[in-house]
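# Coordinate analysis (summary)
Single-letter residue listing:
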Amino acid sequence: MTEPGGTEIPQSIHEAAEKWLARRAGQSDPALERDFALWIDADPRHCVAYDLIKRNWQLGTLLQERHVGRNRSLPRAPFWMRQKTHIAAAGLGAAVLLGVASVSLLRFGGPLGISTAAEAAVYETAVGEIRTISLADGSTVILDTASRLRVQLSGSERRLDLDRGRARFEVAGDERRVFRVRVAGGEIVAHGTMFDVSLIGAHPLVTVLNGSVELHRSDASAETRAFGPGQSVALDGHRTGQAASAVEARWVSGMLALDATPLAEAVAAINRYNRIQIRLAEPFAMPLRVTGAFRVRDPEGFARAVAASFHLKMERPDRATILLVAPPKRAGSNM
């Protein structure tokens, strides 16, 4: 079976994904989650199949509460049938659809087809995913790993709430409707622009790549400021108008670009994309900094490169952990 994006996934993987979804439902078992993480990381197709099964199950649950779902008995259909249900909605292939403006039913010689106009939706990415979402207004959003975005398009405004993670917004022009991105601490109003919003660090960070934005803080200062291309600013005022880093802007390519980044920060950045986690055995005496470009879904490759550069040891205490260990100190050595 060929899934969206051209990935060929055999039925056996879909069946395994169904079993994992059933096993994990309502469970909180660390051993089970470790085994599931290993299964996900064993083959990129596992993550694609699991996400598809999960999305279709959630869609079925949503429809069960609607008149159309009860009449068609879609939630009671087996997973293989719901896998083949076609969804024609802006960006739905990249997310779980939690709200729709309208639903129409079609029958085209196969399982039930659902055509929707998505005006209110929630988009989420799993660990390791970077997805492109085409919104109904013509705008594009690239959603980073482990991120969550809520979208509400109305006749008067386009409102998007970034709850976690990071996103890039390329805003389509619309003189009638303002484009707002809300985060904890304020909101960003776009003016025909492209910009990144990151909630990864301690401070909500906005990087303007093209055009201009207005930042509206919701704290006691109620400050509003405008910023143009090439500027990076923290919404809470922690960083004000610094030059944007070309390295940081490359995250949409699926590569982690680092420029003299402290080792602990570099490890934290690669860990965001993987269930196999890299750990430092202890804080190293020397301030090690990492420069280079690394595939975000290759923690072992990253660890090997870092170990070779700084003469560290790689250990695998378990299948879900890579440990970086400093070599024993030699007489006369400062490391």
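Please read these numbers as outputs of a predicted model, since none were measured by experiment.

Calculation notes
- Residues numbered from 1 in each chain as written.
- Predicted model: local features only at pLDDT ≥ 70, side-chain atom pairs only at ≥ 80, totals over all residues.
- Heavy atoms only, no water.
- Helix = DSSP H or I, 4+ residues; strand = E, 2+ residues; numbered from the N terminus.
- Expected span 1.5 Å × (residues − 1).
- Buried < 20%, exposed > 50% of the residue type's maximum accessible area, 1.4 Å probe, protein only.
- Arc of directions from axis to C-beta.
- Contact = heavy atoms within 4.5 Å.
- Pairing = 2+ DSSP bridges.
- Axes fitted to C-alpha atoms, helices over the stretch in contact; angles between N-to-C directions.
- Parallel < 35°, antiparallel > 145°, perpendicular 65-115°, else oblique.
- Left-handed = near helix turned anticlockwise from the far one by under 90°.
- Nonpolar A, V, L, I, M, F, W, Y, C, P; charged D, E, K, R; others polar.

## Topic: helix α1 (residues 11–24)
For an α-helix, 3.6 residues make a turn, and residues three or four places apart therefore share a direction. For α1, which comprises 14 residues, the first-to-last C-alpha distance of 20 Å matches the rise-based estimate of 20 Å (1.5 Å per residue) to within 8%. The complete set of buried residues in α1 reads Ile13, His14, Ala17, Glu18, Trp20 and Leu21. Down the axis of α1, the smallest arc covering the buried residues is 165°, so these residues share one side. For α1, the exposed residues lying more than 90 degrees away from the buried face are Lys19 and Ala22.

## Considerations on unusual backbone geometry
We note that Ala146 has phi near 50°; this positive angle belongs to a residue other than glycine. If you trace the backbone, Ala146 turns up in the loop between β6 (140–143) and β7 (148–153). For Ala146, a relative accessible area of 29% corresponds to the partly exposed category. Although it is not a glycine, His311 adopts a positive phi angle of roughly 55°. Relative to the helices and strands, His311 resides in the loop between α7 (299–310) and β19 (313–318). Given a relative accessible area of 62%, His311 falls into the exposed group.

## Observations regarding the environment of Ala260
Tracing the backbone shows Ala260 in strand β16 (residues 255–262). Take Ala260: its relative accessible area is 35%, and that puts it in the partly exposed class. In the structure, Ala260 is positioned 32 residues away from Gly292 in sequence and 8.5 Å away in space, judged by C-alpha atoms. Filtering out sequence-adjacent residues up to four positions away, Ala260 remains in contact with Arg289, Val290 and Thr291.

## Observations concerning the sheet that holds strand β20 (residues 321–325)
The 3 strands lie next to each other as β17-β20-β19, forming an open sheet whose pairing is mixed. Only two strands of the sheet have a single neighbouring strand rather than two, namely β17 (277–280) and β19. Strand-to-strand twist in this sheet, taken as the mean axis angle between neighbours without regard to direction, amounts to 30°. Pairing between β19 and β20: 4 bridges, direction antiparallel. Paired with Met314 across the strands is Leu324, a residue of β20. Packed onto the sheet, α7 meets β17, β19 and β20 and runs at close to 5° relative to β20.

## Digging into the packing of α1 against helix α2 (residues 30–42)
Running from N to C, α1 and α2 cross one another at 160°; their axes reach a closest spacing of 11 Å. When the axis of α1 is compared with that of α2, the two are roughly antiparallel. Regarding α1 and α2, the two cross each other, and that crossing is left-handed. Between α1, through Ile13, Ala16, Ala17, Trp20, Arg23 and Arg24, and α2, the contact on the second element is made entirely by Leu32, Glu33, Asp35, Phe36 and Trp39. Among the residues forming the contact of α1 with α2, the class breakdown is 7 nonpolar, no polar and 4 charged.

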